[in-house]
Amino acid sequence: MDEQALLGLNPNADADFRQRALAYFEQLKISQDAWQVCAEALAQSIYSDDHIKFFCFQVLEHQIKFKYSELTEVQQQLIRETLITWLQAQMLNPQPEKTFIRNKAAQVFALLFVTEYLTKWPKFFFDILSVVDLNPRGVDMYLRILMAVDAELVDRDVVHTSEEARRNTLLKDTMREQCIPSLVESWYQILQNYQYNNSELTCQCLEVVGAYVSWIDLSLIANERFINMLLGHMSVEVLREEACDCLFEIVNKGMDPIDKTKLVESLCQVLQSAGLFSIDQEDDVDFLARFSKLVNGMGQALIASWTKLIKNGDMKSAQDTLQAIEAKVALMLQLLIHEDDDISSNIIGFCYDYLHILKQLSALSDQQKANVEAIMLAVMKKLTYDEEYNFENEGEDEAMFVEYRKQLKLLLDRLAQVSPELLLASVRRVFNTTLQNWQTTRFMEVEVAIRLLYMLAEALPVSHGAHFSGDVTKATALQDMMRTLVTSGVSAYQHTSVTLEFFETVVRYEKFFAVEPQHIPTVLMAFLDHRGLRHTSPKVRSRTAYLFSRFVKSLNKQMNPFIEDVLNRIQDLLELSPPENGYQALLSSDDQLFIYETAGVLIVNSEYSAERKQVLMRNLLTPLMEKFKVLLEKLMMAQDEDRQMALADCLNHAVGFASRTSKAFSNKQTVKQCGCSEVYLDCLQTFLPALSCPLQKEVLRSGVRTFLHRMIICLEEEVLPFIPSASEHMLKDCEAKDLQEFIPLINQITAKFKTQVSPFLQQMFMPLLHAIFEVLLLPAEENDQSAALEKQMLRRSYFAFLQTVTGSGMSEVIANQGAENVERVLFTVIQGAVDYPDPIAQKTCFIILSKLVELWGGKDGPVGFADFVYKHIVPACFLAPLKQTFDLADAQTVLALSECAVTLKTIHLKRGPECIQYLQQEYLPSLQVAPEIIQEFCQALQQPDAKVFKNYLKVFFQRAKP
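Scope of this entry: the structure provided in the associated data block. (Residues numbered from 1 in each chain as written. Predicted model: local features only at pLDDT ≥ 70, side-chain atom pairs only at ≥ 80, totals over all residues. Heavy atoms only, no water.)

Turning our eyes to something else, we now look at the layout of surface pockets. In this model, the largest pocket occupies a volume close to 840 Å³. Around the largest pocket sit 30 residues that line it, and D341, K382, T384, D386 and F401 are the ones nearest its centre. Secondary structure elements with two or more residues in the lining of the largest pocket: α17 (341-346), α19 (366-382), α20 (396-418) and α22 (443-459). The element contributing the most residues to the lining of the largest pocket is α20, with 7 residues. Split into classes, the residues belonging to the lining of the largest pocket amount to 12 nonpolar, 4 polar and 14 charged. (1 Å grid on protein atoms, 1.4 Å probe; cavity = no way out; pocket = protein on both sides within 12 Å on 5 of 7 lines; lining within 4 Å. Points joined across faces, edges and corners; volume = space filled by probe spheres on them. Helix = DSSP H or I, 4+ residues; strand = E, 2+ residues; numbered from the N terminus. Nonpolar A, V, L, I, M, F, W, Y, C, P; charged D, E, K, R; others polar.)

Shown next, in the form of structure tokens:
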């Protein structure tokens, strides 16, 4: 072996050595006999370095996985012997191997098992057992091999091919017949031998039992001697977590519902008599989390049995099972309310399913009602934040609590389905009690009280948020709580969680303000002062900016009396933050977008005259335009790149803010009707010069482009005079990405204005194409994935552009480019349909070809086009699907084929019998297609139903491809 290269296997080696080791590994993988050197090194323990041993196993693993069939019988025998020799050495070595080596060795054993067990090595497990006996190191390896075999056969996370899945089923069936009883016996012996003196091996063995139980005969494990031993382990501190998991797997095993109920009940009796149901005496939370998972498994298993029994109509057994379920509810509640969230979270599934049963019962007993109430109180208590929750710097623990809260929310929703009245009454009681004394109550209790009110909106669903009409009891209760929320002064509570919950709830129940509009000013002030947009916490300010825009939008006409006042109060929040160091604005630019949108909504939706709206909109946008001009001048002068970037970002924000105000307009309130066209045209004139700025092109162009997209929608034809010069600037020295983003703008204009923009399109058609071709023809490095992807996306955009032009009835744009250019364009479409293995682009190309045939393929079409159809379009319809890369099993490719069929149908439609004659007598014979198939093809093509031909075409190419 190359000793120098092996030095690079050490993780601490320098980069050159590591690189050399990697190259050496690749070299050994393709070498014919390198595996033998590695096998020898392992069998004779030549190397003591752990990384080299691991490396040798990797080489063997590669050989078994990918090149095993190339070996002779003798060589395969050598690999088997090597592994057994290595295993024997494990029991004699003074020190055990490192865990990562043992795990890798186990994987290699498992690979060999999968390859050889059914044919050459049926005694695989017996050979291993005869070597290891009860030697602890041998047993450790044996158990690791068993886990690796299980991972190969049944690991749900590994995606297996159908061939592998069949092989795995056969392996399991053969194991069940030939060796599973012996393996189970060996596990029993290991557990019995090591349970008191080697907890590590015992836990490993329990893990093996848990893994195999899902696919072997359960009676081998679920019997008195095994269960008694497992229950014994439940009272041994170092074993009980694994024993718990093992019992969980046993309970989880699919089986007959009556047998399952019996199994769970007998387990429960024994666990209860062992004192394991007394949760309050237990302080080991790790064990309780596993125990909670076990109880959850037992509960859900019983519920699954109950459901099956009801379905089978076995009411007597179903009733017995329901009693068994009810008997576990007290234990379930103890675990649900436990202060440790992991323990509580593990039992939620049982709890949820139990409520689902109650929902199906016609009437609830007093005990069941009490259970529902107890679950409700537990959920309310567990929703509460604890003292340690870090609101300013949320980490992993906080994220876990947020997830846990989502689970509790599902329980609350389910409770609402079982007993909506009880939920409403309970929330109302908690809410009113808490808000009466909010000043003296801890933040987490105030937050959860408001949170519960918020959650009711989804738990008691209504259409379109109409919580304050319909059911009088419910509407009154919610209205009372909302009134309390907005009048109690709780919005001034000094904790971010309470403040945020207040605003979230106010926006969630915006319909309340239609019923009691007198509260709007109070809430607006909360949004606008130190409680909301001017809060000390950036997190609160940011969220409030979004919620404020939603609040204002939802109130619409009710905002009329407050418009000018609100606009004045948000004035300072609209300022464009200068890119000067150290300046700290209250809101980020993303948050300011919401404030601009809100200002736009207030102006557009007001009842003012168009003149007044224009004045207000001008007041809103003029400061942006003035700032923009100054900043653009500064950018032109800036030398330092960081300064340039900061200025370009700031300019971009200005454009973005102006763009965002336009979201307020609608079909009912257009820019014209509101008298605002002039203001936005001024904005356009202000922003367009940024396109010719040579610095920070990408950022500036992207912002102005987005603004143009908005203006095409808002200003309609008034935007047209600006398009030619904007396009000219955007086509100057541009890259793939620029073009890719510019084309959708041209597509939007083309699709919207159609013939109105025909002269402009004719003028810019070839310059745009030249820019595209120039980028596509740029040489790129062979392995540059991102460049290849950019070109692919640009190619798609180019074809999408041609599709828009032809689809908008403007084929004259192409036709008027001169014969040579027209031909060049047509050839690119043929090339796109045939040569590039990109089904999305191919589909578009066939759509373009169909459209051109439809427009130009008749008797009065352009000179020479009919010729082009037969020489190029017809062949493209056959050459593309015949390519190896054209994968008929892929959904996108099938769509491309479908458009190919449409193209052929359109040619037949436009050229009639002449097309059939050409296919029959010239083209298909040139492809060596048999006469009867040609006949069949032409008949299918002449069918009036296009779908018949589409289906036929797919079959035709499936048969034609090898």
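Another aspect to go through is empty space enclosed by the protein. Under the definition given, this model contains 1 cavity of 30 Å³ or more. What the largest cavity holds in volume is close to 40 Å³. Lining the largest cavity, in full, are V552, N556, M559, N560, I563, V601, L602, N605 and S606. Looking at side-chain class alone, the lining of the largest cavity contains 5 nonpolar, 4 polar and no charged residues.

As a further point, take the packing of aromatic side chains. Scanning all chains against the criterion turns up 52 aromatic pairs. For the pair F124 and F125, a centre-to-centre distance of 5.0 Å together with 90° between the ring planes defines the contact as edge-to-face. Taking relative accessible area as the criterion, F124 reaches 0% and is therefore assigned buried. On the numbers, 5.7 Å between centres and 85° between planes, the contact of F937 with F949 is edge-to-face. (Phe/Tyr/Trp six-rings, centres within 6.5 Å; stacked < 30°, edge-to-face > 60°. Buried < 20%, exposed > 50% of the residue type's maximum accessible area, 1.4 Å probe, protein only.)

Before going further, it helps to spend a moment on the environment of L129. Mapped onto the elements of the fold, L129 is located in helix α7 (residues 124-132). If we ignore the near neighbours within four places in the chain, the residues touching L129 are Y142, L183 and S186. (Contact = heavy atoms within 4.5 Å.)

Attention now moves to the pattern of salt bridges. Summed over all chains, the structure comprises 50 salt bridges. Taking the shortest distance from any N to any O, the salt bridge between D341 and K382 comes out at 2.8 Å. Taken as a pair, D341 in helix α17 and K382 in helix α19 lie far apart in primary sequence, 41 residues in all. Given a relative accessible area of 7%, K382 falls into the buried group. The salt bridge partner of K511 is E510, with a shortest N-O separation of 3.7 Å. Among the residues examined, K511 registers a relative accessible area of 33% and is labelled partly exposed. Salt bridges linked by common partners bring D50, K53, E97 and K98 together as one network. (Salt bridge = Lys/Arg side-chain N within 4 Å of Asp/Glu carboxyl O.)

We now examine the environment of Q192. Here Q192 is to be found in helix α10 (residues 180-194). A relative accessible area of 41% places Q192 in the partly exposed class. Measuring from C-alpha to C-alpha, the distance between Q192 and E61 comes to 34 Å, with 131 residues separating the pair along the chain.

Taking 1.5 Å per residue, 23 residues should reach 33 Å; α20 reaches 34 Å between its end C-alpha atoms and fits that length. Taken residue by residue, α20 has E398, F401, Y404, R405, L408, L411, L412, D413, R414, L415, A416 and V418 as its buried positions. Buried residues along α20 sit against α16 (315-336), α17, α18 (348-360), α19, α21 (420-436) and α22. (Expected span 1.5 Å × (residues − 1).)

Our focus in this paragraph is the environment of D133. Take D133: it is sitting in the loop between α7 and α8 (136-154). The class for D133 is exposed, based on a relative accessible area of 57%. Considering only alpha carbons, one finds D133 and I190, 57 residues apart in sequence, at a separation of 9.6 Å.

Side chains of residues three or four places apart in an α-helix project in the same direction, reflecting 3.6 residues per turn. If you check α8, its first and last C-alpha atoms are 27 Å apart, about what 19 residues at 1.5 Å a residue would give, namely 27 Å. Of all 19 residues making up α8, 14 are buried, and the element is well covered by its neighbours. For α8, the capping residue at the N-terminal end is N135, with a side-chain oxygen 2.8 Å from the backbone nitrogen of R137. (Polar contact = N/O pair within 3.5 Å; in protein donor to acceptor, adjacent residues only side chain to side chain.)

On to unusual backbone geometry, then. Positioned with a positive phi, E716 is a non-glycine residue whose angle comes to about 50°. For Q928, which is not a glycine, the phi torsion comes out positive at approximately 65°. Assessed through its relative accessible area of 69%, Q928 is described here as exposed.

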